[in-house]
Amino acid sequence: MLMPKSFDPKSIQQPHLVTIPYSHYCELSRWALERAGIDFVEAQYIPGYHAKVVGQLRSDKADRSDSSYAGQESGVHGGRRKYAVPLLCLPEGRILRDSWDIAAYALDAIDDNWKTKLDQELGIAVRQLGYHYLLAPESRRLLNRMIASSSLYERGLWFLIKDKVIRGMRQLLAITPENANQSKETILRIFDEVGDLLDEQSGTLTPESGFGAFDIAFCSLAAYCVMPKNFGNGAVKMPTAEDFPSEFQDFIHQCRSTKTGQYILRSYEQRHISAAS
């Protein structure tokens, strides 16, 4: 593909999901739409270039995300929500502003208390930890490999701006060894809490439907902690656990060894099964 995908939101015939494809919040939205059997087009963009497209789509402040955003970690003001992904453009002109709006549209709303925990604790901790390793100098090859499926224009742009983007992301996400360790503690605490809930509810987070928005939200936002093989369901090529430094591999194996980690891995293995099946 020569150029990034472009579209006029006023003339689309089916929903368009705008993503940075390897984002765990975008994964939540993608999986929810797939689970509901909703046909959609995914418009993927690399970090940096995405701001141009998303900023135009969110020009109306009413269309800006209410979810966690990159920069929240370092105290950057909420104006950065203008550039947050994902968002879903619907054919009638409406925009669903974030993962939570999209999950509720596709499946069902998530309990407010758990939604806050997942959005404001787990999602932030996983983002900070994942990028701690992805943005490390020794991981440049992984980023370049993830960018490789983008348009030719974006790959060329990435070559020119990647150093500036990486420096900016490290600052926005407040990436330090101390914060990475704190993120690990937050993730393991929430894994324990979810494990207890799975025990109480016969192995699911959504007893009434068997596997619903809550399950998808948790599994998606926690996916980087276990690095399942089917992340993105073909929409993006991700690194494997073995591609990362040994320190992160150890944490991934620690998460995989928990009942919660095993639940995430099983859920990804069965991802192709839709709610209608």
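Given the structure is predicted, the values throughout are model-derived calculations rather than measurements. Here, residues in each chain are numbered from 1, in the same order as that chain's written sequence. In view of the model being predicted, local features appear only for residues whose pLDDT reaches at least 70, and side-chain atom pairs are presented and counted only at 80 or more, with totals across whole chains, interfaces and linings using the full set of residues. With hydrogens and water excluded, all non-hydrogen atoms of the structure serve as input to the side-chain values.

### Notes on the layout of surface pockets
Item 1. As a volume, the largest pocket reaches approximately 610 Å³.
Item 2. Along the wall of the largest pocket there are 28 residues; nearest its centre are Ile20, His50, Ala70, Arg80 and Met169.
Item 3. At the level of elements, α1 (24-36), α2 (50-57), α4 (112-134) and α6 (152-172) are the ones that each hand at least two residues to the lining of the largest pocket.
Item 4. Cavities and pockets are found on a 1 Å grid laid over the protein atoms alone: a cavity is a set of points where a 1.4 Å probe fits but cannot escape, a pocket is an open set with protein on both sides within 12 Å along at least five of seven lines, and a lining residue has an atom within 4 Å of such a point. Grid points are joined across faces, edges and corners, and a volume is the space filled by probe spheres set on the points. What the second largest pocket holds in volume is close to 330 Å³.
Item 5. If you go around the second largest pocket, you meet 19 residues; those closest to its centre are Met227, Pro228, Lys229, Asn230 and Thr240.
Item 6. Examining the composition of the lining of the second largest pocket, we find that three residues originate from one element, helix α10 (residues 259-269), more than from any other. Numbered from the N terminus, helices here are DSSP runs of H or I no shorter than four residues, and strands are runs of E no shorter than two.

### Some thoughts on the environment of leucine 160
Item 1. Mapped onto the secondary structure, leucine 160 falls in helix α6.
Item 2. Sequence separation of leucine 160 and serine 6 is 154 residues, and the distance between their C-alpha atoms is 22 Å.

### Structural notes on the sheet that holds strand β2 (residues 41-44)
Item 1. For two strands to count as paired, DSSP must find a minimum of two bridges between them. A sheet is described by the order of its strands in space; here four strands give the open sequence β2-β1-β3-β4, paired in mixed fashion. A strand with exactly one partner marks an edge of an open sheet, and here the two such strands are β2 and β4 (95-96).
Item 2. Relative to β4, strand β3 (residues 87-89) is paired through two bridges, and the arrangement is antiparallel. Pairing of cysteine 89 across the sheet is with isoleucine 95, part of β4.

### What about α10?
Item 1. Here the term buried applies to any residue with accessible area under 20% of the maximum for its type, exposed to any over 50%, and partly exposed to those in between, with areas from a 1.4 Å probe on protein chains only. Looking only at α10, the buried set comprises Thr260, Gly261, Tyr263, Ile264, Leu265, Ser267 and Tyr268.
Item 2. Contacts are assigned to residue pairs that have any heavy atoms within 4.5 Å of one another. Check the buried side of α10 and you find it contacts α1, α7 (177-200), α8 (213-222) and α9 (246-256).

Geometric descriptors of this kind do not, in isolation, establish any biological role.
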